Amino acid sequence: MRKGNAQQIINNEILKQVQDDQINKDMKLNWGTGIVLAFIGFISFIMYFVINMNTVKKYDTSLVTENYYKAELEYQNDINKETNAKELTTNITWKRTEQGLEISFPETMEANQITGKVFLYRPSNEHVDFETAISLSHHNLLIPDKRLLDGRWNIKVDWQYNGKSYLYKKEIVY
């Protein structure tokens, strides 16, 4: 009986070893499987970011202007206005004060004859862009500090004096 029990134990051990080998063989990763899993992981990673960038409002991208083609047609007018502004003896200047952004027009011109508009464009957030009309009693136009966030702004001053048009463009850091 002992001999039969010993044989039974050996048979059970051999059977257990064969089963363990079969499990290990089934779970073994080869190069092909690894490469396929890596590709699936990489494609999933890229798809996550593509979907995330297109659906999350935080990453919303927009054009500089809604009517891009119309603005492109008016580009020659802007070039002519900038040329007129460069021919002035003194052009527009700006500085940051405690009250806000102060835009100074040339002292040689009569302040009440200057008309036009100032457009401030924030490249990182179109919701804070704004436009204001030029109405001067002195040679300075003040844009209040509460309207401007710290950071980069594009300023565009499109103004007229005695029937002649001028344009001042500048990238500023406020």
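See above for the structure.
Description of the structure in this document. As the structure is a prediction and not an experimental result, all values here were calculated from the model. (Residues numbered from 1 in each chain as written. Predicted model: local features only at pLDDT ≥ 70, side-chain atom pairs only at ≥ 80, totals over all residues. Heavy atoms only, no water.)

## Thoughts on the sheet that holds strand E5 (residues 140–144)
Item 1. The antiparallel open sheet is built from 3 strands, whose spatial order is E1-E2-E5. Each having just a single partner strand, strand E1 (93–96) and E5 make up the two edges of the open sheet. Sheet twist, expressed as the average angle between the axes of neighbouring strands with direction ignored, equals 20 degrees.
Item 2. Of the strand pairs in this sheet, strand E2 (residues 100–104) and E5 are connected by 5 bridges, and their pairing is antiparallel. Following the sheet pairing, Ile-103 is matched in E5 by Leu-141. (Pairing = 2+ DSSP bridges. Helix = DSSP H or I, 4+ residues; strand = E, 2+ residues; numbered from the N terminus. Axes fitted to C-alpha atoms, helices over the stretch in contact; angles between N-to-C directions.)

## Some remarks on the nonpolar core
Item 1. Judged by nonpolar contacts, the single largest core of 26 residues is most densely connected at Phe-105 and Trp-159.
Item 2. If you list the elements that add at least two residues to this core, you get E2, strand E3 (115–121), E5, strand E6 (152–161) and strand E7 (164–173).
Item 3. Broken down by element, the residue count for this core peaks at 5 residues, all from E6.
Item 4. In this view, Phe-105 contacts Ile-92, Ile-114, Ile-134, Leu-136, His-139, Leu-141, Val-157 and Trp-159; residues no more than four positions away in its chain are not counted. (Core = buried A, V, L, I, M, F, W, Y, C linked by side-chain atoms within 4.5 Å. Buried < 20%, exposed > 50% of the residue type's maximum accessible area, 1.4 Å probe, protein only. Contact = heavy atoms within 4.5 Å.)

## Regarding the pattern of salt bridges
Item 1. Counting across every chain of the model gives 5 salt bridges.
Item 2. The residue Lys-156 makes a salt bridge to Asp-78 at a minimum N-O spacing of 4.0 Å. Placement of Lys-156 in strand E6 and of Asp-78 in helix H4 (residues 75–86) is noted, with a sequence separation of 78 residues between them.
Item 3. The exposure class assigned to Lys-156 is partly exposed, which follows from its relative accessible area of 30%.
Item 4. Put simply, Arg-152 and Glu-171 hold a salt bridge, and the shortest N to O gap is 3.0 Å. Taken together, the positions of Arg-152 in strand E6 and Glu-171 in strand E7 put the pair 19 residues apart, joining distant regions of the chain.
Item 5. Look at Arg-152 and you get partly exposed, because its relative accessible area is 37%. (Salt bridge = Lys/Arg side-chain N within 4 Å of Asp/Glu carboxyl O.)

## Re the sheet that holds E3
Item 1. The 4 strands are arranged E4-E3-E6-E7 in an open sheet whose pairing can be described as antiparallel. Two strands close off the open sheet at either side, each with one partner strand: strand E4 (130–133) and E7. Neighbour-to-neighbour, the strand axes of the sheet open up by a mean angle of 15 degrees, direction not taken into account.
Item 2. Sheet strands in contact with H4 are E6 and E7, and its direction is about 85 degrees off that of E7.

## Examining helix H2 (residues 31–55)
Item 1. Spanning 25 residues, H2 covers 36 Å between terminal C-alpha atoms, matching the ideal 36 Å at 1.5 Å per step.
Item 2. For H2, the N-terminal capping position is held by Asn-30, with its side-chain oxygen 3.3 Å away from the main-chain nitrogen of Gly-32. (Expected span 1.5 Å × (residues − 1). Polar contact = N/O pair within 3.5 Å; in protein donor to acceptor, adjacent residues only side chain to side chain.)

## What about the packing of aromatic side chains?
Any aromatic ring pair is given by two values, namely how distant the centres are and how the planes are angled relative to each other.
Item 1. Overall, the coordinates contain 5 aromatic pairs when judged by the stated rule.
Item 2. Aromatic pair Tyr-48 and Phe-49: ring centres 5.1 Å apart, planes at 75 degrees, arrangement edge-to-face.
Item 3. Phe-49 sits in the partly exposed class, given a relative accessible area of 38%.
Item 4. Seen in terms of ring centroids, Phe-130 and Trp-153 are 6.2 Å apart; in terms of plane orientation they differ by 70 degrees. Their pairing is edge-to-face. Within this pair, whereas Phe-130 is found in strand E4, its partner Trp-153 is found in strand E6, the two being separated by 23 residues in sequence. Accessibility classification places Phe-130 together with Trp-153 in one group, the buried group.
Item 5. Three or more aromatic residues link up through ring pairs in this structure, and these residues are Phe-45, Tyr-48 and Phe-49.
Item 6. Between Arg-147 and the ring centre of Phe-130, over which it is positioned, the NZ or CZ distance is 3.8 Å. (Phe/Tyr/Trp six-rings, centres within 6.5 Å; stacked < 30°, edge-to-face > 60°. Lys NZ or Arg CZ within 6 Å of the ring centre and 35° of its normal.)

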